[in-house]
Every structure is written in C-alpha cells, then in structure tokens.
Amino acid sequence: EHLEKIVDDKNKLTAREKIHLTLVYIGKTDNEQAIIEVLSEIDFESFDITISGISKMPRLNIYVFNVVENEKLIELKKLIDAKLEKANISFNKRENFYPHITISRKNIKYKKTDFSLKLKISKFDLIASIPIPGNVKYETLYTNNFKNWFNGKYSYCLWCSIWDIVYKKIQN
C-alpha cells in the first residue's frame, strides 16, 4: 500500500527529505571538526534493519515507523556514543534507545496494516539542523560510508538518512 493510502491526510506527513532515524542527538556545538574526526574513525559494515508497522509514541503526538530490534544498529549506536564520550564531546545520552522513523508530528489517523520492509543501512550522516522561520533545514556535514556500502540497491541512514528507502519502497 502507498503511505498516502495508509494515513488520512498526506499533508500531515513528514517531508520526504526529512525522514531519518536518529542515532545520536548532539545539540548545539562549536566542535564540528572534532566530531567529524571522531566519526571518521568508525569502521563498520553495512547491515539490514526491518521496519514494521506504524505506531503513536506514548504521551507524544508523534507517529513513527517501528524499527525491529537489531543488534547491529545497537552496536553502531554504542560505538558512536563511546567514541564521542572518549573525545569529551557532549551529546544527549539517552538511557533507552528507541529506534524509529518519524513520519508525522501532527495528529493523523492511519489504517492498521501489517507490513515489513527490510532496509540496507550502509552509511550514517552528521546532520546540522538549521532553524528557519516556521521550519528547519537540514544540511549534511559529514558522511561515513560503511565497508561494502555500494552493495545494496539503496543507501541510507548520527542520523541514518531514511527518506529514499521509505518512500521508494512504500510507494511501490
């Protein structure tokens, strides 16, 4: 099914170019170059994740694609956290990592539907969130391509740039 057919109002969906999976939130910093140096040390192999179904986050008006628990994704997040911590770069240290892909921050109605999509994660990006009047602009500052990153049909994914996978696969 098309995503637009699952939700009641496609205008409430997160813009295609903003769909992502956040691994680490760093916040405001003047250490951009130090962060890039730390991230460039990370050597990882591409892996698959699975998204399955839509849900509403508890107590929030946020609707997400659920990411099925994945050891490699958790391993990557822990590796990034450890590298940032070792370099004394401050970041938001969440106790519980809940991997998800936000599809709307507005109240939507959606059809309960069973679907499962396997997605290749072959890179991560360091993204700057730049506030603009009434919105946010994202700018890629650094990309870490994993070993064998070109072996998958799609390349996704700090944050994992997800929009191509979601829109291309769900639209088909």
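What counts and what doesn't
Residues numbered from 1 in each chain as written. Predicted model: local features only at pLDDT ≥ 70, side-chain atom pairs only at ≥ 80, totals over all residues. Heavy atoms only, no water. Helix = DSSP H or I, 4+ residues; strand = E, 2+ residues; numbered from the N terminus. Buried < 20%, exposed > 50% of the residue type's maximum accessible area, 1.4 Å probe, protein only. Areas by Shrake-Rupley, 256 points an atom, 1.4 Å probe, with all protein chains shown as cover. Pairing = 2+ DSSP bridges. Axes fitted to C-alpha atoms, helices over the stretch in contact; angles between N-to-C directions. Core = buried A, V, L, I, M, F, W, Y, C linked by side-chain atoms within 4.5 Å. Contact = heavy atoms within 4.5 Å. Arc of directions from axis to C-beta. Salt bridge = Lys/Arg side-chain N within 4 Å of Asp/Glu carboxyl O. Polar contact = N/O pair within 3.5 Å; in protein donor to acceptor, adjacent residues only side chain to side chain.

Peer 1: Sorry if this is basic, but what is going on with the overall build of the protein chain here?
Peer 2: A count of helical and extended segments in the protein chain gives four helices and eight strands. Taken from the N to the C terminus, the helices and strands of the protein chain come in the order α-β-α-β-β-α-β-β-β-β-β-α. The proportion of buried residues among the 172 residues of the protein chain is 44%. As displayed, the protein chain offers around 10,200 Å² of accessible surface, 46% of which is attributable to carbon and sulfur atoms.

Peer 1: What is the right way to look at the sheet that holds strand β4 (residues 100-104) in this model?
Peer 2: By definition, the strands of a sheet pair up through backbone hydrogen bonds, in either a parallel or an antiparallel sense. Pairing within the open sheet is antiparallel, and its four strands lie in the order β4-β3-β2-β5. Only two strands of the sheet have a single partner each, and these edge strands are β4 and β5 (116-121). Sheet twist, expressed as the average angle between the axes of neighbouring strands with direction ignored, equals 35 degrees. One ladder, built from six bridges, connects strand β2 (residues 47-56) with β5; its direction is antiparallel. If you follow D48 over to β5, its bridge partner there is K120.

Peer 1: How do you make sense of the nonpolar core when you look at a structure like this?
Peer 2: A general tendency of soluble globular proteins is for nonpolar side chains to be buried together. With 38 residues, the main nonpolar core has L76, I80 and L84 as its most contacted residues. Elements with a contribution of two residues or more to this core: α2 (32-40), β2, β3 (63-67), α3 (71-86), β4, β5 and β6 (123-132). If sequence neighbours within four positions are ignored, L76 has contacts with L23, I42, F44, F47, F124 and F146.

Peer 1: Looking at this structure, how should I read α2?
Peer 2: Along α2, the residues classified as buried are I35, I36, V38 and L39. Buried residues of α2 fall within an arc of 160 degrees about the axis and therefore sit on the same side. For α2, the secondary structure elements touched by its buried residues are α3, β6 and β7 (135-145).

Peer 1: Explain the pattern of salt bridges here, please?
Peer 2: Close approach of charged atoms lets side chains of opposite charge pair. Enumeration over the complete set of coordinates arrives at five salt bridges. The partner of D48 in a salt bridge is K120, with the nearest N and O atoms 3.4 Å apart. Placement of the pair is D48 in strand β2 and K120 in strand β5, with a sequence separation of 72 residues. A salt bridge links K123 to D125; its shortest N-O distance comes to 3.7 Å.

Peer 1: Just checking my understanding: could you explain the pairing of β2 for this structure?
Peer 2: Regular strands show a simple pattern: their side chains alternate between the two faces of the sheet. Where β2 meets β3, four bridges bridge the pair, whose relative direction is antiparallel. Bridge pairing in β3 places K56 opposite Y63. Between β2 and β3, which pair antiparallel and follow one another directly, the connecting turn spans six residues, one of which, R59, has a positive phi of 60 degrees.

Peer 1: What exactly am I supposed to notice about the side chain of H100 here?
Peer 2: Along the chain, H100 turns up in strand β4. Side-chain polar atoms of H100 contact the backbone oxygen of Y98, separated by 2.6 Å. Filtering out sequence-adjacent residues up to four positions away, H100 remains in contact with H20, L21, M57, V64, F65 and V67.

Peer 1: For this particular structure, what's the right way to read the environment of R16?
Peer 2: Along the chain, the position of R16 falls in the loop between α1 (3-6) and β1 (20-22). Taking relative accessible area as the criterion, R16 reaches 41% and is therefore assigned partly exposed. Along the backbone, R16 and I103 are 87 residues apart, and their C-alpha atoms lie at a distance of 8.9 Å.

Fair warning: the whole summary comes from geometry, so function is off the table for now.
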